[in-house]
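# Inside the fold
The residues making up each chain are set out below.
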Amino acid sequence: MKKLLLLAICLLVLPHLVAAQGVKLGAGVFGGMEVPVIQDDQSSGSNFGFKGRVNVALITFEPYLSFASYGGADIEDVIDDPDGNSITGFGLDAVLFSGFGAPGPRMILFAGIGSYKVKNDQMDYDQSNIGYSFGLGLEIGVARGINIEGRGRFLAIGTDGGATKKSAIVTAGLNYHFGM
């Protein structure tokens, strides 16, 4: 809860700090599908979230808050198959080549780092660890200051045992850019 409050305060204060420097601001929402990679204990699930957008020259920084839930395991030898994990994450992506509300299509590249809480009440599992992601996408400016986007992301979240939980994530989203 403290992390969420800190993120909210940063998003509220940020526009006032950067307004004098001509930095462009925006916000967006996204949703899609999360597919576990090399994990037999999970099946595909949903992913959605919210993000801020701060454009400085050629780089757009995106603080985000995401929520995901895997489907349960499909294990034939177990009578009560376990439920899938839920994942809450927040972090920062750096996006290259964003059109930031400009008309037309643009390919983007991005990489990010975040803090992720992986939880499963049925299995009594609750860990918070750092995760790293990268991917590419397509932004299409459809109206002044509004664009739609599609992204493909690879995410790896560390675990306390030294392994990683890996996912391929496909999302679609809508972004609004202030003052455009």
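Look up a bit, the structure's there.
Below, the structure is looked at part by part. (Residues numbered from 1 in each chain as written. Predicted model: local features only at pLDDT ≥ 70, side-chain atom pairs only at ≥ 80, totals over all residues. Heavy atoms only, no water.)

Below, the discussion takes up the pairing of strand β8 (residues 164-177). Side chains Lys165, Ser167, Ile169, Thr171, Gly173, Asn175 and His177 of β8 all project onto a buried face; the interleaved residues Thr164, Lys166, Ala168, Val170, Ala172, Leu174 and Tyr176 project onto a face where none is buried. Of the strand pairs in this sheet, strand β1 (residues 24-37) and β8 are connected by 12 bridges, and their pairing is antiparallel. The residue of β8 that forms the bridge with Val29 is Leu174. Counting the residues between successive antiparallel strands, the hairpin from strand β7 (residues 146-158) to β8 contains five residues, one of them, Gly162, with a positive phi of roughly 95°. (Buried < 20%, exposed > 50% of the residue type's maximum accessible area, 1.4 Å probe, protein only. Helix = DSSP H or I, 4+ residues; strand = E, 2+ residues; numbered from the N terminus. Pairing = 2+ DSSP bridges.)

With that settled, consider the sheet that holds strand β2 (residues 43-56). An order of β1-β2-β3-β4-β5-β6-β7-β8 is seen for the eight strands of this closed barrel, with the pairing classed as antiparallel. Strand after strand, the sheet turns through a mean of 25° between neighbouring axes, direction not considered. As paired strands, β1 and β2 are joined by 11 bridges and run antiparallel to one another. Paired with Phe30 across the two strands is Gly49, which belongs to β2. (Axes fitted to C-alpha atoms, helices over the stretch in contact; angles between N-to-C directions.)

The next point concerns the packing of aromatic side chains. Aromatic ring pairs are described here by two measures, namely the spacing of the ring centres and the angle between the planes. Under the defined criterion, the tally for this structure stands at three aromatic pairs. For the ring pair Phe134 and Phe154, a centre distance of 5.7 Å and an interplane angle of 45° mean the geometry is tilted. Placement of the pair is Phe134 in strand β6 (residues 125-143) and Phe154 in strand β7, with a sequence separation of 20 residues. Relative accessible area serves as the criterion here: at 27%, Phe154 is assigned to the partly exposed category. Between the NZ or CZ atom of Arg151 and the centre of the ring of Phe110, over which it lies, the distance is 4.8 Å. (Phe/Tyr/Trp six-rings, centres within 6.5 Å; stacked < 30°, edge-to-face > 60°. Lys NZ or Arg CZ within 6 Å of the ring centre and 35° of its normal.)

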